[in-house]
Amino acid sequence: MNIQQLYEFCLSKKGVTEHFPFDEDTLVFKVGGKMFCLTSLKEWEKGTPSLNLKCNPEKAQELRAEYEAINPGYHMSKIHWNTVDFNSDVNDKMMCELINHSYELVFKSLTKKIQNEIL
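Residues numbered from 1 in each chain as written. Predicted model: local features only at pLDDT ≥ 70, side-chain atom pairs only at ≥ 80, totals over all residues. Heavy atoms only, no water.

Asks: Even after reading the chapter, I still don't get the packing of helix 1 (residues 3-11) against helix 4 (residues 92-109), so can you show me in this structure?
Replies: For any two helices packed against each other, the geometry comes down to the angle between their axes and how far apart the axes lie. As a packed pair, helix 1 and helix 4 sit with axes 11 Å apart at the nearest point and diverge in direction by 35 degrees. Pair helix 1 / helix 4 crosses with right-handed handedness. For the pair helix 1 and helix 4, the contacting residues are Leu6, Phe9 and Cys10 in the first and Cys96, Ile99 and Asn100 in the second. Broken down by class, the residue content of the contact of helix 1 with helix 4 amounts to 5 nonpolar, 1 polar and no charged. (Axes fitted to C-alpha atoms, helices over the stretch in contact; angles between N-to-C directions. Helix = DSSP H or I, 4+ residues; strand = E, 2+ residues; numbered from the N terminus. Left-handed = near helix turned anticlockwise from the far one by under 90°. Contact = heavy atoms within 4.5 Å. Nonpolar A, V, L, I, M, F, W, Y, C, P; charged D, E, K, R; others polar.)

This is the structure we're talking about:
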């Protein structure tokens, strides 16, 4: 997966918007105004890309134990966020599953009103 594929995959989801709320480097994808995916554009340029993704706490622990590329979220809640490195033992299919999981967790946390507006 490259940055363009990531961009297109995230924006293909209902209600997703892109933002740079912290600086011009950190690309953030949100649904209903809440973050579900963050990445550093500079790290993509350097060839060491990663994503910060929301994750169910129990699943997060399991994934960290199973995959070398999955670690507690960098600059995020270590309980609810993982940092997932590309170019390691997580393939593109798994990366898409993790992005989907993050999106679904955030979407489900939105109010019913906002969920209905998005749908």
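Text resumes after the structure shown.
Asks: Hey, could you run me through the sheet that holds strand 4 (residues 50-54) in this one?
Replies: By way of backbone hydrogen bonds, the strands of a sheet pair with one another, either parallel or antiparallel. Reading across the sheet, the 6 strands line up as 1-2-3-4-6-5 and stay open at both edges, with antiparallel pairing between neighbours. Strands at the two margins of the open sheet, each flanked by one partner only, are strand 1 (16-19) and strand 5 (70-72). Adjacent strand axes in the sheet meet at a mean angle of 25 degrees when their direction is disregarded. In this sheet, strand 2 (residues 26-31) lies alongside strand 1 in antiparallel orientation, the contact comprising 4 bridges. In the sheet register, Glu18 faces strand 2, and the bridge partner there is Phe29. Across the sheet, helix 1 lies against strand 1, strand 2, strand 3 (34-40) and strand 4, angled at about 135 degrees from strand 1, the strand it touches most. (Pairing = 2+ DSSP bridges.)

Asks: Explain a negative patch on the surface to me, please; I cannot follow it from the model alone.
Replies: Side chains of Glu58, Glu62, Glu66, Glu68 and Asp89 sit close together on the surface and give a patch of like negative charge. Within the fold, Glu68 resides in the loop between helix 3 (57-66) and strand 5. By relative accessible area, which is 66% here, Glu68 ends up exposed. (Patch = residues over 30% accessible without salt bridge, like charges linked within 9 Å, V, L, I, M, F, W, Y side chains within 5 Å. Areas by Shrake-Rupley, 256 points an atom, 1.4 Å probe, with all protein chains shown as cover. Salt bridge = Lys/Arg side-chain N within 4 Å of Asp/Glu carboxyl O. Lys, Arg positive; Asp, Glu negative; His and termini not counted. Charge placed at Lys NZ, Arg CZ, Asp CG, Glu CD. Buried < 20%, exposed > 50% of the residue type's maximum accessible area, 1.4 Å probe, protein only.)

Asks: What exactly am I supposed to notice about the pairing of strand 3 here?
Replies: A regular strand places its side chains so that they alternate between the two faces of the sheet. A large share of strand 3 lies buried, amounting to 5 of its 7 residues. Hairpin connection of strand 2 to strand 3: 2 residues between the antiparallel strands, including Gly32 at a positive phi of 60 degrees. Bridge count between strand 3 and strand 4: 2 bridges; the pairing is antiparallel. Each residue of the ladder has a partner; that of Leu38, found in strand 4, is Asn52.

Everything listed here is a matter of coordinates, which is why it stays silent on function.
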